[in-house]
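Here are the chains, one letter per residue:
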Amino acid sequence: MSCLFCKIIEGTIPSSAVYQDEHCYAFADIHPQAPVHVLVAPRRHLASLAHSDEADRALLGHLLWAAAQIAAQKGLAKGYRVAINTGEDGGQTVDHLHVHLLGGRPLAWPPG
Ligand code: 5GP
Ligand code: ZN
């Protein structure tokens, strides 16, 4: 398995775990863009949101639910952003689906 995030999820590559359950693994981004920057990834390899299908609907909802739990646990009462970069134009650089959770500072809109 050559996927970076699969290696992180299986523990071959170290990471700082934030939350985990049977469906997902959340860990601190190695290059944080905000005081809180967590990546929430499904344990099962799924290349991107564009690769999801009908059978993944519950999993996709679960990833957002997990992000909200983490945001609450991190005390992001003033708000936060979740983002799923998808494909080349979407700025995706790691081809294993992940939700970015960003918070702890005001976030500009629109993004670049
Ligand atoms: P993308 O650009 O695909 O939306 O997001 C990939 C994210 O993964 C980036 O924010 C990047 O900093 C993070 N990242 C890349 N390699 C590693 C790594 O080895 N460990 C961790 N914790 N994060 C990584
Ligand atoms: Zn993977």
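Just so we're clear, the structure is a prediction, and the values are computed from it rather than from any experiment.

A. View of the coordination of the zinc ion (ligand 2). Here the zinc ion (ligand 2) is held by the protein donor atoms Cys 3 (SG), Cys 6 (SG), His 45 (ND1) and His 96 (ND1), which lie 2.0 to 2.3 Å from it. Its four donor atoms give the zinc ion (ligand 2) angles of 107 to 116° at the centre, a pattern that matches the tetrahedral case. Within one chain, the residues serving as donors to the zinc ion (ligand 2) are arranged as C-x2-C-x38-H-x50-H. Of the two residues, Cys 6 is situated in helix 1 (residues 4-10) and His 96 in the loop between strand 4 (80-83) and strand 5 (99-103); the sequence distance between them amounts to 90 residues. Overall, the relative accessible area of 0% leaves His 96 in the buried class.

B. Structural view of the environment of Leu 59. In this fold, Leu 59 is placed in helix 2 (residues 57-73). For the pair Leu 59 and Gln 20, spaced 39 residues apart in sequence, the C-alpha to C-alpha distance is 14 Å. Among residues more than four places away in sequence, those in contact with Leu 59 are His 23, Pro 42 and Arg 44.

C. Expanded view of the side chain of His 96. From its side chain, His 96 meets the backbone oxygen of Pro 42 in a polar contact 2.8 Å long. If we skip the residues at most four places from it in the chain, His 96 touches Cys 3, Phe 5, Cys 6, Ile 9, Ala 41, Pro 42, Arg 43, Arg 44, His 45, Leu 46 and Ala 47.

D. Summary view of the sheet that holds strand 5. Judged by pairing direction, the sheet is antiparallel, and its five strands sit side by side in the order 1-2-3-5-4 without closing on themselves. Only two strands of the sheet have a single neighbouring strand rather than two, namely strand 1 (17-20) and strand 4. Taking the axes of each pair of neighbouring strands and ignoring which way they run, one obtains an average angle of 20° across the sheet. The pairing of strand 3 (residues 36-42) with strand 5 spans five bridges and is antiparallel. Residue pairing for strand 5: Leu 39 is matched across the bridge by His 100.

Reading the values: the criteria
All residue numbers refer to positions counted from 1 along the written sequence of the respective chain. To read the labels, note that chains go from A and ligands from 1, taken in the order they are written. Only residues with pLDDT of at least 70 get local features here, since the model is predicted, and only at 80 or more are side-chain atom pairs given and counted; chain-wide, interface and lining totals rely on the full set of residues. With hydrogens and water set aside, each side-chain value is computed from the structure's full complement of heavy atoms. Coordinating N, O and S atoms are those within 2.8 Å of the metal (3.2 Å for Na, K and Ca), and as water is not part of the atoms, a site may appear to have fewer donors than expected. Every angle between 85 and 135 degrees makes a four-donor site tetrahedral, while opposite donors more than 155 degrees apart, with all other angles between 65 and 115, make a four-donor site square planar and a six-donor site octahedral; other sites are irregular. Here a strand is any run of E in DSSP of at least two residues, a helix any run of H or I of at least four, and the numbering for each starts at the N terminus. Remark: exposure states derive from per-residue accessible area (1.4 Å probe, protein chains only) relative to the maximum for the residue type, with buried under 20%, exposed over 50%, and partly exposed in between. Contacts between residues were defined by any pair of non-hydrogen atoms, one from each residue, lying within 4.5 Å. Counted as a polar contact is a pair of N or O atoms within 3.5 Å, where, for protein atoms, one must be capable of donating a hydrogen and the other of accepting one, and residues adjacent in sequence contribute only when both atoms are in side chains. At least two DSSP bridges between two strands are needed for those strands to be called paired. In this description, a line fitted to the C-alpha atoms serves as the axis of each element, helices being fitted only across the stretch in contact, and the angle between N-to-C directions of two axes falls anywhere from 0 to 180 degrees.

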